[in-house]
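An overview of the molecular structure
Chain residues, written in single-letter form:
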Amino acid sequence: MAQRRSSLGFLGMFGRSGDLRQLDAALRGADLHPALVPEGVKLTIVNLMKDRWPEEPPPQAYSQVAQLFSYCIAGPETFERAQGLLQRLDAERRIEAALETGDSFDARIVLMALHAKLINAEVVERYGLAAG
């Protein structure tokens, strides 16, 4: 099995890898402009995805990751205005399940948003999150 590699590109000579392009598109779909997410954070997300799905992530994986990450960044009200009540409730259910499980893929996405200092203060307060 050939390992998937992620690439940011270099001086416009080499293009971004497909996984980063897919993540950027998914972030846009979740109403989060990719330019607001540092490249290192995006690389971490795709590397977490590679750990979770060593072959290839399922087609819906990028949008599901982007939805959860967008909720963490935007907070409940802003996220609901952009994505709707059902998407907000789904993101909240996923965070609650991640907190119960402790070490899950969703927990790692939330923790990464927290450590990158991108997470919304209301999300931190609502779920009692702390980096440490």
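See the structure shown above.
The following refers to the structure shown. (Residues numbered from 1 in each chain as written. Predicted model: local features only at pLDDT ≥ 70, side-chain atom pairs only at ≥ 80, totals over all residues. Heavy atoms only, no water.)

1. What about the overall build of the protein chain?
The criterion, for reference: Only DSSP runs of H or I with at least four residues qualify as helices, and only runs of E with at least two residues qualify as strands; both kinds are numbered from the N terminus onward. Only protein chains enter the accessibility calculation, which uses a 1.4 Å probe; a residue whose area is less than 20% of its type maximum is buried, one above 50% is exposed, and one in between is partly exposed.
Secondary structure summary: the protein chain contains seven helices and zero strands in total. Out of the 132 residues belonging to the protein chain, those deemed buried represent 41%.

2. As for the pattern of salt bridges
The line we're drawing: Any Lys or Arg side-chain nitrogen located within 4 Å of an Asp or Glu carboxyl oxygen qualifies as a salt bridge.
Scanning all chains against the criterion turns up nine salt bridges. Across the salt bridge formed by Glu-80 and Arg-88, the nearest N and O atoms sit 2.3 Å from each other. Overall, the relative accessible area of 28% leaves Glu-80 in the partly exposed class. Overall, Arg-88 belongs to the buried group, its relative accessible area being 17%. Note that Asp-90 is salt-bridged to Arg-93, the shortest N-O span being 2.6 Å. Here Arg-93 and Asp-90 lie together in helix H5 (residues 85–101), a separation of three residues that amounts to about one turn. A relative accessible area of 27% places Asp-90 in the partly exposed class. Put simply, Glu-80, Arg-88, Glu-92 and Arg-126 are held in one network by salt bridges that share partners.

3. Digging into the nonpolar core
Stated formally: In this description, a nonpolar core means a group of buried Ala, Val, Leu, Ile, Met, Phe, Trp, Tyr and Cys residues linked to one another through side-chain atoms lying within 4.5 Å. Between two residues, a contact is recorded if the distance between any of their heavy atoms is within 4.5 Å.
Membership of the largest hydrophobic core comes to 34 residues, with the highest contact counts inside it found for Ile-45, Met-49, Phe-69, Ile-109 and Ile-119. Elements with a minimum of two residues in this core: helix H1 (18–29), helix H2 (39–52), helix H3 (61–74), H5, helix H6 (105–115) and helix H7 (121–127). Among the elements that make up this core, the one with the highest residue count is H3 (eight residues). Those residues in contact with Ile-119 that lie beyond four places of it in its chain are Cys-72, Ile-73, Val-110, Ala-113, Leu-114, Val-124 and Leu-129.

4. Some points on the packing of H2 against H3
Filter applied, for reference: Where helices are involved, their axes are fitted lines through C-alpha atoms of the stretch in contact, as for all axes, and angles between N-to-C directions lie from 0 to 180°. Here is the rule for angles: anything less than 35 degrees is roughly parallel, anything more than 145 is roughly antiparallel, 65 through 115 is roughly perpendicular, and the remaining ranges are oblique. The sense of a crossing depends on the near helix, which, turned anticlockwise from the far helix by less than a right angle, makes the crossing left-handed and, turned clockwise, makes it right-handed. Note on residue classes: Ala, Val, Leu, Ile, Met, Phe, Trp, Tyr, Cys and Pro are nonpolar, Asp, Glu, Lys and Arg are charged, and everything else, Gly too, is polar.
Two numbers describe how H2 lies on H3: the axes approach to 12 Å, and their chain directions differ by 130 degrees. The angle between the axes of H2 and H3 places the two elements in the oblique class. Read as a crossing pair, H2 and H3 show a hand that is right-handed. Taken together, the residues of H3 that come into contact with H2 (itself represented by Val-41, Ile-45, Val-46 and Met-49) are Ala-61, Tyr-62, Val-65 and Phe-69. Per-class residue counts for the contact of H2 with H3 are eight nonpolar, no polar and no charged.

5. Some thoughts on the packing of aromatic side chains
To keep it simple, the criterion reads: The aromatic pairing rule takes the rings of Phe, Tyr and Trp, using the six-membered ring of Trp, and pairs them if the centres are within 6.5 Å, calling planes under 30 degrees apart stacked, those over 60 edge-to-face and the rest tilted.
Overall, the coordinates contain two aromatic pairs when judged by the stated rule. Between the aromatic rings of Trp-53 and Phe-105, the centroid separation amounts to 5.3 Å while the plane-to-plane angle is 65 degrees, which identifies the pairing as edge-to-face. Remark: Phe-105 occurs in helix H6 and Trp-53 occurs in the loop between H2 and H3; sequence separation between them is 52 residues. Of the residues examined, Trp-53 reaches a relative accessible area of 18% and is grouped as buried. Centre to centre, the rings of Tyr-71 and Phe-79 are 5.5 Å apart; their planes meet at 80 degrees, and the pair counts as edge-to-face.

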